[in-house]
Amino acid sequence: MKNIRVRFAPSPTGPLHIGNLRTALFNYLFAKKKKGSFIIRFEDTDRDRYIKASEKHILNSLKWCGIKADEGPEKGNYGPYRQSKRKHIYKKYVKYLLKKNYAYYAFDSKDELKQIRTEYKDKGKLFIYNYSTRKHLKNSFNNFYYNKIRTKKKHKKYIIRLNVPVSKTIKGSDILRGAISINSKVLDDKVLVKADGNVTYHLANVIDDHLMKITHVLKGEEWISSFPILHLLYYYFHWKMPKFLHLPLILNSCGKGKLSKRNSKQLNIPIFPIKWKDTIKLKTLLGYRELGYFPDALLNMLALFGWNPGCEQEIFSLKELIATFSLEDINLSSARFDKKKIDWINHRHLQIKSIDELTRLVKLCLKEKKIYFNNDKTIKQIIVRIRSQCTFVYQILEKAIYFFKKPNFNKNYIKKQIINRKRTKKILFLIIEWFNNYDKNNFKLLRLFLAKLAVKKNLKIHYLLKLLRLSLVGKLVGLEILFIIKKLKTQDIIKRICNVIWVLN
Ligand code: GLU
């Protein structure tokens, strides 16, 4: 079988949306499963909407997710991988289309076309620039303009349009949907070359896919309307068309419409993998990375949007996704975004991550908080005890923060837990004395001491343990008290108890 070659072809006009990340992922999974090549190509022909930072955002997002390209702007034998650098390549194909009358010159200005569209609209009609209208417009079908072209294009500002045939049934197919058939009379004579000389999406896309030997095109459903035009171009060039598959949309959680920035705000979920600095609105939108999601959990979730592994398993690493993925298991129905599900997936990933990896991540969080703690053994023991309650790594730290720094005592809270301030202070002094004189890790002795103290003070041992927890944790939460005592240094235990005494003064 021929080498599978797929491409992810984003337009760098903004940050990478998770819908497009899913397109990249499906292409990647398919390529890796088939031992083929995954290619990145920037479709940056629309210079008005081009945003330089967008390329970086796309590449960094893919890198964070662990999606590596075999070819792309950085390497590969089929480059350049930016369409803006391929202008010289497109020229001869444009010439060919013109020569064959598959394309033609047009001179209508944007304003003129706008006016015509409005006139049609006012009459309740839809304007299509095609065989039915082109004779009355400014283009080379019209003798007057044809002569102008011949007299060396006096009109400097011209565009080149695709000559869509009058009535041809365009028959193509989609891996998921089967046959796609459309009559060309409903199609627009799409612009192939703009007034600034840049080719447009349709033409560049077809030429590049052909020259880059792309075998399968997997892209979002929103592109399905351009399929007949692409099909026609392949036909005009006499090129074999790659196999096409249009992926179902990712809908917002109500199941209506594509997941947008606004939904993202409402649902409190990001729509970008990593943060995006909007330099126009001067604000930074956080991504999944910044909110603590694992890249493999995000990919796991995106994979389940539109792909059904056909088994019970729901949690997949990237490797497992590659092993299990197949195009046949992609669903036609659109997938709905669900915050609970992504959180659940992240939770599950946190449970199966290796302790070493989690230790590394917890240490990174500690470093960010400028807490320097290097006892890996302790961190590991904490993770084992806490991870089941956590969805995010930062929650491990939040729940275990008292191991790494002294608690912030809330005076009113502490006072509310205390039975009798004076008596309690005395008890705390006795406890300090014990820690001063004995080995804190001799739990047998500690238990005996507390039991005796309880009898002597006519209190329940439970109250003494509560005092210890309040002192060491600051609240009545946390891991087993003996484990906490074991992990804290004697001097810190004493300091923390002293702090409570001070609060009670
Ligand atoms: N450049 C298009 C985009 O921005 C990609 C369309 C395609 O994959 O053919 O999504």
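Residues numbered from 1 in each chain as written. Predicted model: local features only at pLDDT ≥ 70, side-chain atom pairs only at ≥ 80, totals over all residues. Heavy atoms only, no water.

Chemist: I would appreciate a short explanation of the environment of Y463 in the present structure.
Modeler: Its place among the elements puts Y463 in helix α18 (residues 461–473). Among the residues examined, Y463 registers a relative accessible area of 6% and is labelled buried. Separated by 45 residues in sequence, Y463 and I418 place their C-alpha atoms 8.9 Å apart. Setting aside chain neighbours within four positions, we find Y463 in contact with Q417, I418, I419, N420 and T424. (Helix = DSSP H or I, 4+ residues; strand = E, 2+ residues; numbered from the N terminus. Buried < 20%, exposed > 50% of the residue type's maximum accessible area, 1.4 Å probe, protein only. Contact = heavy atoms within 4.5 Å.)

Chemist: I keep staring at the environment of E71 and nothing clicks. Help me out?
Modeler: Mapped onto the elements, E71 comes out in the loop between α2 (52–65) and α3 (87–99). Through-space distance from the C-alpha of E71 to that of W434 is 67 Å; in sequence the pair is 363 residues apart. Excluding residues within four positions of it along the chain, E71 makes contact with R5, S37, F38, I39, I40, G76, Y78 and Y81.

Chemist: How should I be thinking about the packing of α3 against helix α6 (residues 201–211) in this particular structure?
Modeler: Packed helix pairs are specified by the crossing angle of their axes together with the interaxial distance, meaning the distance between the axes. For the pair α3 and α6, the least separation of the axes is 11 Å and the interaxial angle reads 110°. Between α3 and α6, the angle falls in the class roughly perpendicular. In this structure, α3 crosses over α6, and the sense of that crossing is right-handed. Where α3 approaches α6, its residues I89, Y90, Y93, V94 and L97 are matched on the opposing element by L203, A204, I207, D208 and L211. Residues belonging to the contact of α3 with α6 are distributed by class as follows: nine nonpolar, no polar and one charged. (Axes fitted to C-alpha atoms, helices over the stretch in contact; angles between N-to-C directions. Parallel < 35°, antiparallel > 145°, perpendicular 65-115°, else oblique. Left-handed = near helix turned anticlockwise from the far one by under 90°. Nonpolar A, V, L, I, M, F, W, Y, C, P; charged D, E, K, R; others polar.)

Chemist: Would you mind going over the sheet that holds strand β4 (residues 159–162) with me for this structure?
Modeler: Either a parallel or an antiparallel arrangement is found when strands of a sheet pair, and the pairing is made through backbone hydrogen bonds. Within the open sheet, the three strands sit side by side as β3-β4-β7. Their pairing is antiparallel. Of all strands in the sheet, those bounded by a partner on one side alone are β3 (103–106) and β7 (191–193). Direction aside, the axes of adjacent strands within the sheet are offset by 45° on average. Pairing between β3 and β4: four bridges, direction antiparallel. Within β4, the residue paired with A106 across the bridge is I159. (Pairing = 2+ DSSP bridges.)

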